[in-house]
Amino acid sequence: MKYFSYIDLISGPVYMLIALLIAYSVKNRNQDSVSIYKYLVPGLLMKIGGGIFLCLIYSLYYGGGDTIQYFNSAATLSNLLYHDPSGYFSLIFKGNTAQNWSYFNHTTGWPTSYMYRDMKTFIVCEIYSPLAFISFNSYIGTTVLTAALSYIGVWKLYILLAGLYPELKKSFALAFLFVPSVIFWGSGMLKDTITFSALCWFITSFYSIFLQKKKVLLSILSLLVSGSAIIIIKPYILIALVTGLLVLAFFRRIKKIKNSFLRAIVAPILLVAFASFSILIMVELGGVLGRYSADNMLETAQETQIDLKRQVYSGHSFNLGEFDATYFGVFEKAPQAIIAGLFRPFIWEAGNIVMLLSAFENLALLIFTVYLILKIRPVRIFRLIINDPFLIFCLVFSLTFAFAIGLASSNFGSLVRYKIPLIPFYICWLLITWSSHIGNEREWED
């Protein structure tokens, strides 16, 4: 299947124009919040531009890759929907069985075989197939729709954070709307685009249900849909997300206790309760998480390091060293894994232009982190963190996520994609901590 055709010259610009008109309409309806909504259209343009840039890089520079295979497979499903709707819906509801493979033919084309065999991967193709259908199987058109729709969740979370920290609305716009690597890897037809948007929806819905207590029914539906998408596609994200949100809920409860003596008594009880609940969730989700469950991740991490010694992985890989597949052995590697997840690849480890983009971002984050620690001092940083539950969430989520991907990854090319969910939240932690230090402390609002 060709990557581009004359349809791309029509479908792409038309859907981009529609998305921009809708964005301008939303902006004009919120004139009272123009200081926030002024970022809506530029952010959307960056999102769409990032998706198109991903298309061009993979089609013209790499000459292939996952994003192209997702499009090809989604296009075959689009053809199936047009020629045989019953076959299409059989695939959607009954799954990628050997019997359903027979619905594909020379007219529809065939999806990429390795994607069809993997349920989690093929679900991504199914998600993109309606977008391919309404864009007339245009690679650019489908990408524009993907970028625009995934932008909604990111924008919703930005609006939430800008409301909580009005003085940091410009900084949060930078963190969520304009970070180059997040735009590049989180805007095109990849798993990461879906999961990052779902992550943003999940946090926004969680806040609406449990903290704001508004639009509860709609938020519950959004929470279930976004949570299901994360579990199906990249379940390990849920581990870090649930851990961070439970810690956030714990510290919010503690802050509401005014009596310091009572707070000292209740804090350990609530901490044990939330920790037990978190562990229970992880145990109950063990079957769903599969190879991403706690026990299997230990084995996967050790197998990865063994493969590195055998030089199974080609290209630009990194090695944390040998360790035992035990909890103690893994936690010994926590510092190296977290540093890898947050700050690698370093400049000298970048193997191509795309990786170099991430390396420069990592360098900026590392410099800012070191400066923050030296300027504020760890004790002061701890006091600032402990007074802001959302700040705690950002740090816990970022470090947990960095630990997981730094431990289980081995290739820088994969790492730069895996880490995009943590980058905006780590930047938020840096910005809020710095703002609190210079006198703009703000309570987590009810």
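Because the structure is a prediction, the values reported are computed rather than measured.

The rules behind these values
Residues numbered from 1 in each chain as written. Predicted model: local features only at pLDDT ≥ 70, side-chain atom pairs only at ≥ 80, totals over all residues. Heavy atoms only, no water. Helix = DSSP H or I, 4+ residues; strand = E, 2+ residues; numbered from the N terminus. Buried < 20%, exposed > 50% of the residue type's maximum accessible area, 1.4 Å probe, protein only. Contact = heavy atoms within 4.5 Å. Areas by Shrake-Rupley, 256 points an atom, 1.4 Å probe, with all protein chains shown as cover. Disulfide = S-S within 2.5 Å. Core = buried A, V, L, I, M, F, W, Y, C linked by side-chain atoms within 4.5 Å. Salt bridge = Lys/Arg side-chain N within 4 Å of Asp/Glu carboxyl O. Patch = residues over 30% accessible without salt bridge, like charges linked within 9 Å, V, L, I, M, F, W, Y side chains within 5 Å. Axes fitted to C-alpha atoms, helices over the stretch in contact; angles between N-to-C directions. Parallel < 35°, antiparallel > 145°, perpendicular 65-115°, else oblique. Left-handed = near helix turned anticlockwise from the far one by under 90°. Expected span 1.5 Å × (residues − 1). Nonpolar A, V, L, I, M, F, W, Y, C, P; charged D, E, K, R; others polar.

1. Brief notes about the overall build of the protein chain
1) Next: Of the regular secondary structure elements, the protein chain holds 24 helices and 0 strands.
2) Next: Counting every position in the protein chain, which comprises 446 residues, the buried fraction comes to 52%.
3) Next: For the protein chain, contacts bridging at least 24 residues in sequence account for 73% of all contacts bridging at least 6.
4) Next: Here the protein chain has roughly 20700 Å² of accessible surface; of this, 67% comes from carbon and sulfur atoms.

2. Concerning the state of the cysteines
As used in these notes, a disulfide is a covalent bond between sulfur atoms, one from each of two cysteines.
1) Next: Within this structure, the stated rule accounts for 0 disulfides.
2) Next: Cysteine Cys 200 remains unbridged, with the sulfur of Cys 428 as its closest cysteine sulfur at 10.0 Å.
3) Next: Of all cysteine sulfurs, the one in Cys 428 lies closest to Cys 394, which takes part in no disulfide; the gap is 5.0 Å.
4) Next: Residue Cys 394 is classed as buried on the basis of its relative accessible area, which comes to 0%.

3. Observations concerning the nonpolar core
1) Next: Within the largest apolar cluster, 123 residues are counted, with the highest numbers of intra-cluster contacts made by Phe 176, Leu 241, Phe 393 and Trp 429.
2) Next: At 15 residues, the largest contribution of residues to this core is made by helix α9 (residues 139–164).
3) Next: Residues Ala 334, Ala 337, Phe 403 and Leu 407 belong to the second largest nonpolar core, which totals 6 residues.

4. Structural notes on the pattern of salt bridges
Side-chain pairing between opposite charges can occur once the charged atoms of the two side chains come close.
1) Next: This structure, assessed with the given rule, holds 3 salt bridges.
2) Next: Residue Asp 192 pairs with Lys 234 through a salt bridge whose shortest N-O separation is 2.5 Å. Separated by 42 residues along the polypeptide, Asp 192 in helix α12 (residues 191–212) and Lys 234 in the loop between α13 (216–233) and α14 (236–255) bring together distant segments of the chain. Taken individually, Asp 192 and Lys 234 each receive the classification buried, so the pair is uniform in this respect.
3) Next: The buried category is assigned to Asp 192, whose relative accessible area is 3%.
4) Next: Sharing partners across several salt bridges, the network here consists of Asp 192, Lys 234 and Arg 417.

5. Digging into a nonpolar patch on the surface
1) Next: Together, Tyr 6, Leu 9, Ile 10, Val 14, Ile 18 and Ile 22 make up a nonpolar patch on the protein surface, roughly 650 Å² of accessible area in all.
2) Next: Relative to the assigned elements, Tyr 6 resides in helix α1 (residues 6–29).

6. Quick look at the packing of α1 against helix α3 (residues 40–61)
1) Next: The contact between α1 and α3 brings their axes to 9 Å, and the two run at 160°. When the axes of α1 and α3 are compared, the pair comes out roughly antiparallel. Crossing handedness for the pair α1 and α3: right-handed. Of the residues in α3, those touching α1 at Met 16, Ala 19, Leu 20, Ala 23, Tyr 24, Val 26 and Lys 27 are Leu 40, Val 41, Leu 44, Leu 45, Ile 48 and Ile 52.

7. Some points on helix α24 (residues 422–437)
1) Next: For α24, which comprises 16 residues, the first-to-last C-alpha distance of 23 Å matches the rise-based estimate of 22 Å (1.5 Å per residue) to within 8%.
2) Next: With respect to burial, α24 is a largely interior element, 14 of its 16 residues being buried.

8. Remarks on unusual backbone geometry
1) Next: Between Arg 344 and Pro 345 the backbone carries a cis peptide bond, its omega angle lying at 5°.
2) Next: With respect to the secondary-structure elements, Pro 345 resides in the loop between α19 (334–343) and α20 (353–376).
3) Next: With a phi angle near 55°, Asn 137 is a residue other than glycine that sits in the positive phi range.
4) Next: On the secondary structure map, Asn 137 appears in the loop between α8 (119–134) and α9.
5) Next: Located in the positive-phi region is Arg 377, a residue other than glycine, with phi close to 80°.
6) Next: Among the structural elements, Arg 377 can be located in the loop between α20 and α21 (378–386).

9. Focus on the packing of α21 against α24
Helix packing geometry: the angle between the two helix axes and the distance between the axes.
1) Next: Relative to each other, α21 and α24 sit at 100°, their axes nearing to 10 Å. As the angle between them shows, α21 and α24 are arranged roughly perpendicular. Residues Arg 380, Ile 381, Leu 384 and Ile 385 of α21 form the contact with α24, whose own contacting residues are Trp 429, Thr 433, Ser 436 and His 437.
2) Next: Taken together, the residues of the contact of α21 with α24 break down into 4 nonpolar, 3 polar and 1 charged.

10. Observations concerning the environment of Met 115
1) Next: Following the sequence through the fold, Met 115 ends up in helix α7 (residues 113–117).
2) Next: Counting along the chain gives 45 residues from Met 115 to Tyr 70, while the straight-line C-alpha distance between them is 8.1 Å.

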